[in-house]
Amino acid sequence: MIDPFGRHISYLRVSVTDRCDFRCVYCMSEDMTFLPKSDVLSLEELDRLCSAFVDLGVTKLRLTGGEPLVRRNIMWLIDRLGRHLKTGKLNELTLTTNASQLGKYAQDLYKAGIRRVNVSLDTLDPAKFLSITRWGKLDKVMEGLEAAKSAGLAVKINAVALKGVNDSEIHDLVAWCGREGFDLTFIEVMPMGEIGDAERVDQYWPLSMVRAELAKRWTLDEIDYTTGGPARYSRVRETGGRLGFITPLTHNFCESCNRVRLTCTGTLYMCLGQEDAADLRTALRASDDDALLVEAIREAISRKPKGHDFVIDRRRGAKSNVRHMSVTGG
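What comes next is a walk through the structure. (Residues numbered from 1 in each chain as written. Predicted model: local features only at pLDDT ≥ 70, side-chain atom pairs only at ≥ 80, totals over all residues. Heavy atoms only, no water.)

### Notes on helix α11 (residues 291-301)
Worth spelling out the cut-off: Remark: exposure states derive from per-residue accessible area (1.4 Å probe, protein chains only) relative to the maximum for the residue type, with buried under 20%, exposed over 50%, and partly exposed in between. Secondary structure elements follow DSSP: runs of H or I no shorter than four residues count as helices, runs of E no shorter than two count as strands, and numbering proceeds from the N terminus. Here the arc refers to the directions that run from the helix axis out to each C-beta atom. By the convention used here, residues are in contact when the closest approach between their heavy atoms is within 4.5 Å.
Residues Leu 293, Ala 296, Ile 297, Ala 300 and Ile 301 constitute the buried set of α11. For α11, the angular spread of the buried residues around the axis is 135°, confining them to a single face. In the core, the buried residues of α11 are packed alongside α1 (43-55), β10 (259-262), β11 (267-269), β12 (277-279) and α10 (281-286).

### Side note on α1
Side chains three or four residues apart in an α-helix point the same way, a direct result of the helix having 3.6 residues per turn. Our working rule: To estimate the expected span of a helix, count its residues, drop one, and scale the result by 1.5 Å.
Taking 1.5 Å as the rise per residue, α1 with 13 residues should run 18 Å; its terminal C-alpha atoms sit 18 Å apart, in good agreement. For α1, a buried count of 10 out of 13 residues is recorded, marking the element as mostly surrounded by other parts of the structure. All of the buried residues in α1 are Leu 43, Glu 45, Leu 46, Asp 47, Leu 49, Cys 50, Ser 51, Ala 52, Phe 53 and Val 54.

### Quick word on the packing of aromatic side chains
Here is the rule: Pairs were defined over the aromatic rings of Phe, Tyr and Trp, the Trp ring being its six-membered one, requiring ring centres within 6.5 Å. Orientation was assigned from the angle between planes: stacked under 30 degrees, edge-to-face over 60, tilted for the rest. Two thresholds decide whether a charge sits over a ring: the Lys NZ or Arg CZ must be within 6 Å of the ring centre and within 35 degrees of the ring normal.
Counted by the stated rule, this structure contains three aromatic pairs. Summarising the aromatic geometry, the rings of Phe 22 and Phe 129 are spaced 5.7 Å apart at their centres and angled 85° between planes, so their arrangement reads as edge-to-face. In this pair, Phe 22 is assigned in the loop between β1 (11-15) and α1 and Phe 129 in helix α5 (residues 126-133), connecting sequence segments 107 residues apart. The pair Phe 22 / Phe 129 is uniform in exposure class, with both members buried. When the ring of Tyr 225 is compared with that of Tyr 233, the centres are 5.0 Å apart and the planes differ by 80°; the resulting orientation is edge-to-face. Directly above the ring of Tyr 11 sits Lys 60, whose terminal nitrogen or CZ lies 4.5 Å from the centroid. Directly above the aromatic system of Tyr 110 lies the positively charged group of Arg 115, at a separation of 3.7 Å from the ring centroid.

### What about the environment of Leu 41?
Checked against the element boundaries, Leu 41 lands in the loop between β1 and α1. Residue Leu 41 is classed as buried on the basis of its relative accessible area, which comes to 0%. Considered as a pair, Leu 41 and Thr 263 are 222 residues apart in the sequence and their alpha carbons are 9.0 Å apart. Non-local contacts of Leu 41, meaning those with residues more than four positions away in its chain, are made with Leu 46, Leu 49, Arg 71, Thr 263, Cys 264, Thr 265, Gly 266, Arg 281, Leu 284 and Arg 285.

### Details of the pairing of strand β9 (residues 242-246)
This is how it is decided: Pairing between two strands is assigned when DSSP locates at least 2 bridges connecting them.
Within β9, four of the five residues are buried, leaving the element largely enclosed by the surrounding structure. Direction of pairing for strand β6 (residues 183-188) relative to β9: parallel, over a ladder of four bridges. Opposite Phe 186, over in β9, you have Phe 245 as the bridge partner. Relative to β9, strand β8 (residues 232-236) runs antiparallel, the two sharing four bridges. Residue pairing for β9: Ser 234 is matched across the bridge by Leu 243. What sits between the antiparallel neighbours β8 and β9 is a turn of five residues, in which Gly 240 has the positive phi angle 80°.

### So, the environment of Ala 154
With respect to the secondary-structure elements, Ala 154 resides in strand β5 (residues 154-161). With 27 residues separating them along the chain, Ala 154 and Gly 181 place their C-alpha atoms 8.5 Å apart. Those residues in contact with Ala 154 that lie beyond four places of it in its chain are Arg 115, Arg 116 and Val 117.

### Looking at the nonpolar core
Heads up, the condition is: For this analysis, a nonpolar core means a set of buried residues of the types Ala, Val, Leu, Ile, Met, Phe, Trp, Tyr and Cys, connected via side-chain atoms within 4.5 Å.
In terms of nonpolar packing, the biggest core is built from 93 residues, with Phe 53, Leu 109, Ile 157, Phe 186, Leu 214, Leu 268 and Leu 280 touching the most fellow members. At seven residues, the largest contribution of residues to this core is made by α1. Ile 157 has contacts with Val 119, Leu 121, Leu 145, Trp 176, Cys 177, Phe 182, Asp 183, Leu 184 and Thr 185, leaving out every residue within four places of it along the chain.

### Details of the sheet that holds strand β2 (residues 60-64)
Put simply, the rule reads: A fitted line through C-alpha atoms represents every axis, and for helices the fit uses only the stretch in contact; the resulting angles, taken between N-to-C directions, go from 0 to 180 degrees.
Read from one edge of the open sheet, 12 strands run β7-β8-β9-β6-β5-β4-β3-β2-β1-β10-β11-β12, paired in mixed fashion. Either end of the sheet is taken by a strand with one partner, and the two such strands are β7 (220-222) and β12. The average angle at which neighbouring strand axes cross in this sheet is 25°, direction not considered. Across four bridges, β1 lies against β10 in parallel orientation. Looking at the pairing, Tyr 11 lines up with Arg 259 of β10.

### Regarding the side chain of Thr 267
Applicable threshold: We call two N or O atoms a polar contact when they sit within 3.5 Å, provided that within protein one can donate a hydrogen and the other can accept it, with sequence-adjacent residues counted only if both atoms are side-chain atoms.
Among the structural elements, Thr 267 can be located in strand β11. Here Thr 267 falls in the buried class, since its relative accessible area comes to 19%. At 3.3 Å, the side chain of Thr 267 forms a polar contact with the side chain of Thr 265. Setting aside residues no more than four positions away along its own chain, Thr 267 makes contact with Arg 261, Leu 262, Ala 277 and Ala 278.

### Details of the pattern of salt bridges
Quick reminder of the rule: Any Lys or Arg side-chain nitrogen found within 4 Å of a carboxyl oxygen on Asp or Glu counts as a salt bridge.
If you walk through the whole model with that rule in mind, you get 16 salt bridges. In this structure, Glu 222 and Arg 211 form a salt bridge, with 2.6 Å as the shortest nitrogen-oxygen distance. Of this pair, Glu 222 sits in strand β7 while Arg 211 sits in helix α9 (residues 207-214), and the two are 11 residues apart along the sequence. For Asp 221, the salt bridge identified is with Arg 237, shortest N-O distance 2.8 Å. On the criterion of sequence distance, the pair formed by Asp 221 in strand β7 and Arg 237 in the loop between β8 and β9 is long-range, its members being 16 residues apart. Residue Asp 221 is classed as partly exposed on the basis of its relative accessible area of 26%. Within this structure, Asp 47, Arg 80 and Arg 83 form a network of salt bridges that share partners.

What follows is the structure, encoded as structure tokens:
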């Protein structure tokens, strides 16, 4: 699949549920209204949709949420999708999680063919963790991370840089990830959903400033490493660990975007920061044959925009995308 700007679309991120056992402040409102179950694709439909993308050239598949591991019988889907790893059509099947359920699922994930997981974790302080996630318990996440290591899963920690919240912890996060053998990626807060009046703008911390602060203690050597996503990586000389930066605002990565996002309702977003979308559920349910579905996918890719329009600046206002992050998938 080639988009209008010559980019080969080889990476599909799939939200298998909009539900989560946390309520992170930058992802959901505290009193979320979730989709009725009748609107959500069945696991069988998700398998068929993902498989259609694989047949069209997608080689990397990431399952997201909400929290994907709270979806009932989710291992059935993961086991099914693992067949594409065995045929060689899929290079990687991976998962983004909050780690709350990894204690239960880590071994099964490895057996299904997953070798790497991304874990969202913004702080090592239990009180701050509860404040950010509203419902989360840090000790349960730590248990999940230990289970992932024991199962043989590589772990990358994703931390949203939040000024006034975790800005005093960035050195601790680098040191901790180095000791644990985890990669670490810092992410700029994105204007998605209810950004609030001034709070989200006040929390925005450009990663150029984060990197400058880190350079006071750590030696960051640029490396040619990629996981297929938007992060740019350095090696932390003192720990040997990899450190990534995802900068949708200060330095967007749109020119090399190879990704599209599928929601649990079958809506395909060609760009995280744009509202244009394609309804694949109708085509999926219209026929047992995939011809209509493939046609709908190709038409959607032909409309993939050049880039997003994220803005979060007190002087220019905050241009927000009205969708919560949990709707599109992290």
